[in-house]
Amino acid sequence: MTYPLMLRELVIHLDTGEYEINRIEDPRIIGPVDYGWSRYHTHLHMTGQRDPALFTFGGGPLAGSRIPGTRRLVFCSYSPLWDGFYISSMGGAAYILHRVGVDFVCLKGEAKQDSVLILNHKNGQVTARLEPINPDNLWNGYASPQGEWLTGFYALQQAVFDRYKDEYEGDWVRVFAVGPGSRYTNQGIIGSNPVRRGMLTPIEDWAGRGGLGSRLLQRHRIAACIFGGDWIDPDLQDSKEIDAYFMTYYQQSMIKTDLGATEKYRYVPDFQTGGTFGVNMLTVEEKLLSFNYRSIYQDPSERLKQHKEFILNHYLKQFNEEIIQPKQFDHCGEPCSVVCKKYQGKFKKDYEPYQALGPLCGVFDQRAAEELNHFVDSLGLDAIQIGGTVSWLMECIAEGLVRPEDFDLPPADQMSFDFVNDPHRFQIVEDSLKNAHYAREIVKLLMDKEKGKIFQNGIRAAAYALDEKYRYSQPGKRTIDRAVFTSHGRQGCMTINQYWVPGMLSPMPMMGKYFVYYGVEYLPPRELGKKCVHRMVYEFFSENSGVCRFHRKWVEAIVDEIITAHYDLDIDYTKHQFNLCKDIHDHESPSVVFWESERNIDLIWKFLEDWKLRGLNDPSLEDWINRFRNDKYRAAREFWEEIREGIEEAFEAGADQIPEVAPPYKAAKLDIMEQKSQGK
């Protein structure tokens, strides 16, 4: 039996508090990115503003279903950090938003004062209202009902929950909020903890990239939103119908298929670990990025030794003993058997934050990393962005490029920030804590309205300001040459996801996400550009369907069949996502800027040299290595341009040239973690 896709939007005019509910009539809008881009793009052309005062969030067409992983809440807006359109999402929150009885929410304009947005559905009626709130006072401290003293994001979220929870039935309520990082920087994020048995759980999830928390507070004056209700979606509740899709393609039930496709994020028996932290830290080996990427200059054997001594024998060992063995697993707030969240007490551990605010900052001990990560989380700051910024400044201070006394920072001897792989020269517990404390001082500097001002608009602007302050102009000798980021627009930037692969530095229209090809194998740059486009399209199968990408192995194969068949949509789902990606590319890619840092260039060059050391015999690889050795700046420009040409060619070739991902998932391309486990 098929059903019509009946989507509804809740539009809230923040200046007046008035709101309206509309049916979505545009057939091009199916998912939350369709909706966000449509509203953003239309408003941009109507107003002529590059940064329209508009902010959207919502779930995908399967948010009311029983299918695990389909309730991701997707935010779309102008990003003050990236200086362009951006998408950021958090796990599980659409499970509760769906109870409001709308699919999408659009915030327009600016509230008269800092406010909490209250959304509810009761007895067939959707309501929305604004109430004033003083987030600054609450960030300073708030006691939970259990007597725990909370600060920052955690305090504001708890206060909003305590104040309004009685307006909702049971646990059908959720809060998202921002921290003080959204007041003082353009790198603020949006956080949310699920509710269980009337209390906020310790498993927070983040819409963590793009600085959309800063946008929400600074431009729209929304500090938090509490939402929920009693609306029940009767759609896609029939387990027989759902299982039929999976039985057709996988010859097994939905649950069995999902468990097999998401093993990495739960537990991998062959590895005796699980989750992003466990699997990635185990398999990263000589690709580990440490001490602000200076590890790339070391011989692979030296990097492997660091991985063995600091990661396998300590950092990962702690994780396995404290989390994996006692099975401290949970989910993001929606019913899901993957239980990808790995935690100990109040500390949830994922690879990228515990890498960026871990080895990248010279921290290899769980206690030190917990302290640093939780501090950054409480401020509501992007851990990957902050890790890239803090490690860069630590190197600049350690190398004498920046005088710490100019910013009231401790002297350089208060950290240990040279590449090292010998536990006799680097006391893992003590020196990690020393580095974590120094990193914390830098983060506190970022939050200082006056002293930290030059660091509050991102690493790119900060590097230019420091080079002007200290009169550094020679390439290779500037502070910016130690920084790693991609550039967009006049001031936009994004520190890279923590994988040493060229794809993470590609000139794609939206960086800092996984909308690139991030395989570790060598590809000629033009081919890499094409694969980045292919990857972006399939990532939109997840993002624009409101589905967690941890389920992508089956999502990319059959989510189109589920959505189009169930809702009787006469569309080519691949073409639909391709057209959306191309539209974003056409408007955003002209603002992409070539690499401005020598360290970016060296990341590419040393990646190529690594493949030569591995014995790869490839004429294209040999040619590029020679070009980098002769003139790395010119070679880098040519490499970047080749990637960009590949991107353009892939978009010009059209949707028909996007390779099909066919089920079953075992036949799909294995990711690098699985390849390693099979000795390939």
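Residue numbers here run from 1 along each chain, matching the order of that chain's written sequence. Totals for whole chains, interfaces and linings use all residues, but because this is a predicted model, local features are given only for residues with pLDDT of at least 70 and pairs of side-chain atoms are given and counted only at 80 or more. Note that the side-chain values use all heavy atoms of the structure and ignore hydrogens as well as water.

Some details on the packing of aromatic side chains
Put simply, two rings from Phe, Tyr or Trp (the six-membered ring, in Trp's case) pair if the centres are within 6.5 Å, and we call them stacked under 30 degrees between planes, edge-to-face over 60, tilted for the rest. Tallying each qualifying case throughout the model produces 38 aromatic pairs. Judged by centre distance (5.6 Å) and plane angle (50°), the ring pair of Tyr499 and Tyr518 falls under tilted. Of this pair, Tyr499 sits in the loop between β21 (492-494) and α17 (525-543) while Tyr518 sits in the loop between β21 and α17, and the two are 19 residues apart along the sequence. For each residue, the accessible area found with a 1.4 Å probe, counting protein chains only, is set against the maximum for its type, and the residue is called buried under 20%, exposed over 50%, and partly exposed in between. Residue Tyr499 is classed as buried on the basis of its relative accessible area of 15%. Between Phe594 and Trp640, the ring centres sit 5.6 Å apart and the planes meet at 80°, which makes this aromatic pair edge-to-face. In this pair, Phe594 sits in the loop between β22 (592-593) and α20 (598-613) while Trp640 sits in helix α22 (residues 632-653), placing the two residues 46 residues apart along the sequence. In this pair, the class of Phe594 matches that of Trp640, namely buried. By the criteria applied, helices consist of DSSP H or I runs no shorter than four residues and strands consist of E runs no shorter than two, each listed in order from the N terminus.

Describing the sheet that holds strand β1 (residues 8-13)
One bridge is not enough; two strands pair if DSSP finds at least two bridges between them. The strand order across the open sheet formed by six strands is β2-β1-β6-β3-β4-β5, and the pairing between neighbours is mixed. Of all strands in the sheet, those with a lone pairing partner are β2 (19-23) and β5 (84-90), marking the two edges. This sheet shows a mean twist of 20° between the axes of neighbouring strands, independent of strand direction. Pairing geometry for strand β3 (residues 54-58) and strand β4 (residues 73-79), over four bridges, is antiparallel. Across the sheet, Gly58 pairs through a bridge with Val74, a residue of β4. Angles here are taken between N-to-C directions and fall from 0 to 180 degrees, while the axes themselves are lines fitted to C-alpha atoms, restricted in helices to the stretch in contact.

Considerations on the side chain of Ser115
Here Ser115 is to be found in strand β7 (residues 115-122). At a separation of 2.6 Å, a polar atom in the side chain of Ser115 contacts the main-chain carbonyl oxygen of Gln113. Contact between two residues is taken to exist if any of their heavy atoms lie within 4.5 Å; hydrogens are not considered. Excluding residues within four positions of it along the chain, Ser115 makes contact with Leu130, Glu131, Pro132, Ile133, Arg221, Ile222, Ala223 and Ala224. Pairs of N or O atoms within 3.5 Å make up the polar contacts considered here, provided that, within protein, one atom can donate a hydrogen while the other can accept it, and that residues adjacent in sequence are counted only when both atoms are side-chain atoms.

Brief notes about the sheet that holds strand β19 (residues 347-348)
With antiparallel pairing, the three strands of this open sheet are ordered in space as β17-β18-β19. Two strands bound the open sheet, and with one partner strand each, they are β17 (329-330) and β19. Sheet analysis places β17 next to strand β18 (residues 341-344), joined by two bridges and oriented antiparallel. The residue of β18 that forms the bridge with Asp330 is Lys341.

Describing the layout of surface pockets
Its volume calculated, the second largest pocket comes out at about 580 Å³. Taken together, 27 residues line the second largest pocket, and the ones lying closest to its centre are Glu148, Gln158, Leu200, Thr201 and Pro202. The dominant element in the lining of the second largest pocket, judged by the number of residues it contributes, is helix α4 (residues 152-164), at five residues. For the lining of the second largest pocket, a count of residues per class yields nine nonpolar, ten polar and eight charged. Here a cavity denotes grid points, spaced 1 Å and computed from the protein atoms alone, that fit a 1.4 Å probe unable to get out, and a pocket denotes an open set having protein on both sides within 12 Å along at least 5 of 7 lines; residues with an atom within 4 Å of a point are the lining. Grid points are joined across faces, edges and corners, and a volume is the space filled by probe spheres set on the points. Put simply, Ala, Val, Leu, Ile, Met, Phe, Trp, Tyr, Cys and Pro go in the nonpolar bin, Asp, Glu, Lys and Arg in the charged bin, and everything else, Gly too, in the polar bin.

Regarding helix α14 (residues 383-398)
Any helix carries an expected span of 1.5 Å times its number of residues minus one. Under the 1.5 Å per step criterion, the end-to-end length of α14 is 22 Å for 16 residues, consistent within 8% with the ideal 22 Å. Summarising burial for α14: 15 of the 16 residues are buried, a large majority. Backbone geometry just after α14 places Gly400 at a positive phi near 85°.

Side note on the pairing of β7
Within β7, seven of the eight residues are buried, which leaves it mostly tucked inside the rest of the structure. In the sheet, β7 pairs with strand β8 (residues 125-132) via eight bridges, with the strands oriented antiparallel. Directly across from Val116, in β8, lies its bridge partner Glu131. Hairpin remark: β7 followed by β8, antiparallel, with two residues in the connecting loop; positive phi at Asn123, about 50°. In the sheet, β7 pairs with strand β16 (residues 222-228) via five bridges, with the strands oriented parallel. What sits directly across from Ser115, in β16, is Ile222.

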